[in-house]
Amino acid sequence: MIKTILFDMGGVVITLAQPQAIERFKALGLKDAEERLDAYTQQGIFGDLEAGRITDEDFRRELSKLVGRELTWQECCHAWKGYCSDVPRRNLLKMQELRQRGYRVVLLSNTNPYMMSWVMSDDFDGEGHSLAYYLDAAYESYKCGAMKPDAKFFNAVIEGEKLVPEETLFLDDGPRNIEAAEALGINTLLVKNGEDWTGKIEERIKN
């Protein structure tokens, strides 16, 4: 019986727009943005930021060096927010409904301070609520010091939430992340970026 549902953010809760993010970083002067930005797990200073190895200020300084001019925090934030093309209302309503039905709803995301400054603000859903309004708890890679598909990240959530893997369902759009969760005994649902998964999650809960 499923009791806790873990949600990835990009590609599940929000619809990802990687090309838009690439264009925004290019506009800052990062010519090789395509090589540096990944849809699932970041590398270089981008990965260092999301794994918590450097701070947002460290990232701003390093990116400024790469592009050859001093960037502001706001410019970096705007570029990172390019990853989001949409926040489907149906997803938020489903998460809210699941909580009302007694399921524990938890975020498990590879992310960074720039993205979370918006996600956890009242501007997030367009109705004055942050993502926290729809969650019982949130686990962010940069705070946990590890990124999916690293088992360390999953284990931090298992320990923090006192989870029973067999009673947990994890939604993610990354096959490697799904495989890592399954290796720990967690039930999974692989979804496609932007798809309506609200019906599929009901099927998994019933089964």
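Residues numbered from 1 in each chain as written. Predicted model: local features only at pLDDT ≥ 70, side-chain atom pairs only at ≥ 80, totals over all residues. Heavy atoms only, no water.

Draft legend 1. View of the nonpolar core. Grouped together as the largest cluster of nonpolar side chains are 51 residues, with contacts concentrated most on Phe7, Phe25, Phe59, Leu63, Met95, Leu131 and Ile201. With five residues, the top contributor of residues to this core is helix 7 (residues 113-119). Ignoring sequence-local partners within four residues, the contact set of Phe7 consists of Val12, Val13, Met95, Leu98, Val105, Val106, Leu107, Leu108, Leu171, Trp197 and Ile201. One finds Tyr139, Phe153, Val157 and Ala181 within the second-largest nonpolar core, a separate group that totals 16 residues. (Core = buried A, V, L, I, M, F, W, Y, C linked by side-chain atoms within 4.5 Å. Buried < 20%, exposed > 50% of the residue type's maximum accessible area, 1.4 Å probe, protein only. Helix = DSSP H or I, 4+ residues; strand = E, 2+ residues; numbered from the N terminus. Contact = heavy atoms within 4.5 Å.)

Draft legend 2. A look at helix 11 (residues 198-206). Regarding helix 11, the residues found buried are Thr198, Ile201, Glu202 and Ile205. One face of helix 11 carries all of its buried residues, which in axial projection span an arc of 105 degrees. On its buried face, helix 11 sits against strand 1 (4-7), helix 6 (89-100), strand 6 (168-172) and strand 7 (187-190). (Arc of directions from axis to C-beta.)

Draft legend 3. Geometry of the environment of Met147. Along the chain, Met147 falls in the loop between helix 8 (141-144) and helix 9 (151-161). Remark: the alpha-carbon pair of Met147 and Leu37, spanning 110 residues in sequence, is separated by 15 Å.

Draft legend 4. Local environment of the pairing of strand 4 (residues 104-109). In terms of residue burial, strand 4 counts as a mostly covered element, since five of its six residues are buried. Note that strand 1 and strand 4 share four bridges and pair parallel. Following the sheet pairing, Leu6 is matched in strand 4 by Val106. In this sheet, strand 5 (residues 137-140) lies alongside strand 4 in parallel orientation, the contact comprising four bridges. (Pairing = 2+ DSSP bridges.)

Draft legend 5. The side chain of Lys94, seen in detail. Tracing the backbone through its elements, the reader meets Lys94 in helix 6. For Lys94, a relative accessible area of 9% translates into the label buried. Those residues in contact with Lys94, other than ones at most four positions away along the chain, are Arg101, Trp197, Thr198, Ile201 and Glu202.

Draft legend 6. Layout of the side chain of Glu161. Position of Glu161 among the secondary structure elements: in helix 9. One polar contact links Glu161 to Tyr139, side chain to side chain, over a distance of 2.7 Å. Leaving out residues up to four positions away in the same chain, Glu161 has contacts with Arg104, Val106, Ala137 and Tyr139. (Polar contact = N/O pair within 3.5 Å; in protein donor to acceptor, adjacent residues only side chain to side chain.)

Draft legend 7. Inspection of the pattern of salt bridges at higher detail. Under the definition given, this model contains 23 salt bridges. The residue Arg60 makes a salt bridge to Glu57 at a minimum N-O spacing of 2.6 Å. Of this pair, Arg60 and Glu57 both sit in helix 4 (residues 56-67), three residues apart, which is roughly one turn of that helix. With relative accessibility at 11%, the residue Arg60 sits in the buried group. Taking the shortest distance from any N to any O, the salt bridge between Glu161 and Arg104 comes out at 2.3 Å. Here Glu161 is found in helix 9, whereas its partner Arg104 is found in strand 4, with 57 residues between them in sequence. A network of salt bridges, in which partner residues are shared, links Glu57, Asp58, Arg60, Arg61 and Glu70. (Salt bridge = Lys/Arg side-chain N within 4 Å of Asp/Glu carboxyl O.)

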